[in-house]
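# Structural overview for review
The chain contents come next:
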Amino acid sequence: MVLARPERPPMGWNSWDCFGTTATEAEVLANARFMADHLRDAGWDTIVIDADWADPDARAHGYNDDARLHLDPYGRLLPDPVRFPSSAGGAGFAPLAEQVHALGLRLGLHVMRGIPRRALAEGMLLHGTSTPLSDIADPANDCEWNPHFVGIDHGHPDAAAYYRSTVALYDSWGIDLIKADDMLWPYQERDITAYSEAVHAAEREIVLSLSPGRDLSAAHLEHLSEHASMWRICDDVWDRWEDVLDNLSRMARWAPHARRGAWPDADMLPLGRIGIRAERGEPRDDALTAAQRRSLLTLWTIARSPLMFGGDLPSTDPATIELLRNPALADLLARADRSGEIRREHGLVLWQATGGGTTWIAAVNTTDHDLTATLDTRDLGLGAEPATIVDVWTGRPVPARPGRTGSTTTRGVAPDSHAIDLTLLPHESVFWRHER
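Read on for an overview of the structure.

With that settled, the discussion passes to the nonpolar core. In terms of nonpolar packing, the biggest core is built from 114 residues, with Trp44, Trp53, Tyr195, Leu210, Trp231, Trp300 and Trp351 touching the most fellow members. Top contributing element to this core by residue count: helix α5 (residues 159–173), with 8 residues. Not counting the four nearest positions on each side in its chain, tryptophan 300 is found in contact with Val237, Val244, Asn247, Met251, Ala266, Asp267, Met268, Leu269, Ser305, Pro306 and Leu307. Core analysis: the next-biggest nonpolar cluster, separate from the first, contains 16 residues, Leu375, Ile420, Val430 and Trp432 among them.

Following the criterion strictly, the structure yields 12 aromatic pairs and no others. Ring plane angle 50° and centroid distance 6.3 Å describe the contact between tyrosine 162 and tyrosine 163, whose orientation is recorded as tilted. Given a relative accessible area of 3%, tyrosine 162 falls into the buried group. Take tyrosine 163: its relative accessible area is 1%, and that puts it in the buried class. Ring-pair connections join several aromatic residues into one group, and the members of that group are Trp53, Phe84, Phe93, Tyr170 and Trp173.

As enumerated under the stated definition, the model contains 26 salt bridges in all. A salt bridge links arginine 378 to aspartate 416, with the nearest nitrogen and oxygen atoms 2.9 Å apart. Of the two residues, arginine 378 sits in the loop between β17 (371–376) and β18 (389–391) while aspartate 416 sits in the loop between β21 (408–409) and β22 (418–424), which places them 38 residues apart along the sequence. Of the residues examined, aspartate 416 reaches a relative accessible area of 49% and is grouped as partly exposed. Among the charged side chains, a network of salt bridges with common partners joins Asp331, Arg335, Arg433 and Glu435.

Our next topic: unusual backbone geometry. That bond from tryptophan 185 to proline 186 is cis: its omega, -5°, falls within 30 degrees of zero. Tracing the backbone shows proline 186 in the loop between β7 (177–181) and α6 (189–200). Here the bond from serine 211 into proline 212 is cis, since omega is 5°, no more than 30 degrees from zero. The topology assignment puts proline 212 in the loop between β8 (207–210) and α7 (221–227). Here aspartate 52, not a glycine, exhibits a phi torsion of approximately 70°, which is positive. Position of aspartate 52 relative to the elements: it lies in the loop between β2 (46–49) and α3 (94–102). With a phi angle near 55°, aspartate 215 is a residue other than glycine that sits in the positive phi range. Considering the arrangement of structural elements, one finds aspartate 215 in the loop between β8 and α7. In this structure aspartate 215 comes out as exposed when scored by relative accessible area, which is 66%.

Our focus in this paragraph is the sheet that holds β2. Taken together, 8 strands build an open sheet; the order of strands is β10-β9-β8-β7-β3-β2-β1-β13 and the sheet is parallel. Looking at which strands have only one partner, the edges of the open sheet turn out to be β10 (263–265) and β13 (307–309). Recorded for the sheet is a direction-independent mean angle of 25° between the axes of neighbouring strands.

The next thing to look at is the pairing of strand β16 (residues 358–365). Most of β16 sits inside the fold, with 8 of its 8 residues counted as buried. Where burial is concerned, the two faces of β16 agree: the one with Thr358, Trp360, Ala362 and Val364 and the one with Thr359, Ile361, Ala363 and Asn365 are both buried. With 8 bridges connecting them, strand β15 (residues 348–355) and β16 associate as antiparallel partners. Within the sheet, the bridge partner assigned to leucine 348 lies in β16 and is asparagine 365. Linking β15 to β16, which pair antiparallel, is a turn of 2 residues; within it glycine 356 sits at a positive phi near 60°.

Conventions used here
Residues numbered from 1 in each chain as written. Predicted model: local features only at pLDDT ≥ 70, side-chain atom pairs only at ≥ 80, totals over all residues. Heavy atoms only, no water. Core = buried A, V, L, I, M, F, W, Y, C linked by side-chain atoms within 4.5 Å. Buried < 20%, exposed > 50% of the residue type's maximum accessible area, 1.4 Å probe, protein only. Helix = DSSP H or I, 4+ residues; strand = E, 2+ residues; numbered from the N terminus. Contact = heavy atoms within 4.5 Å. Phe/Tyr/Trp six-rings, centres within 6.5 Å; stacked < 30°, edge-to-face > 60°. Salt bridge = Lys/Arg side-chain N within 4 Å of Asp/Glu carboxyl O. Pairing = 2+ DSSP bridges. Axes fitted to C-alpha atoms, helices over the stretch in contact; angles between N-to-C directions.

Below, the structure is given as structure tokens:
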């Protein structure tokens, strides 16, 4: 089989922003059912269980030292059967995957780089061999922020076999996406290569997502594109406007390199009901304003980032759910073949995406004050006399007027072009579509 190469960036839900390390089977299924009932027809089709699903003592706001992770005899993680009752008796996530698949959705799973410390302490052997897992471990290359795992010594002849054994297990459960964490900071090239090869060896196509993306250099682009379906370009994004602003320059750097099956990932959408038992903050509706919320979703979409919603879907406010239901999001992700920042001046940032005879434009006011501007349609790549321009969010036409009216010309607009007048409140954005 081959590493999955999604034709468009995946759209789904991830448990991290709302439940952190503590998600339960009931909560995962509640979100899956909500997605199937309300969002699947708009392109949302993936459910991802994030970190520490093997820890019986998982808690909000961090990780447990010396966690009592559930493991099989070969040091491979098993779901906690209390939080995930259908996994009892060694069934793993297979019964849950079957339920998610029956809803017409895919199931994803978070994993960590390396080997569980508990597997080494208990003297476990590598699956199918007499090699102790401790022989292939590299304790010095451990994870800085999750105390449960140590690295792998890739100089050992059996090193790659551990990842193959774990991916084979997830494959047997019916997992469709693996989010492999602690791969990118620092850049763990040998682990990425080994994990990618393990996914290639699976029976089914599996999407491979890499994290966390802190300080990620575009010098790794070729290696990432070859070995992953998607990869994070940033650390965790939370419900703060400064997190959105910080990501703008990263998305501008990475979006031009996105291509079918290899997607730079601007992280989850920290929207809706989050923090319920999360790693960051107390239970809350996200702290962004309505304008900031729409700007975030607009920018992530036009940058062709994977869209993974972080809030608990059933308890998220209807206005936010309605944003997700807009079919224009999946339409852009499916049809655009190029996107990037085209202007950044005086607090106004402009983005353009193109594909299939369509041009999309996003404009965002990054400042804390009202902003007005007059834009030349040729500067936006829409031509001198564009046909109907439509607001993606409202479906209403966007008026454009001639650059010259009689003897009067509009400042900053060529007389043989058209002008669009723009007024944006602080952190507000517009999202337009133009068909040739």
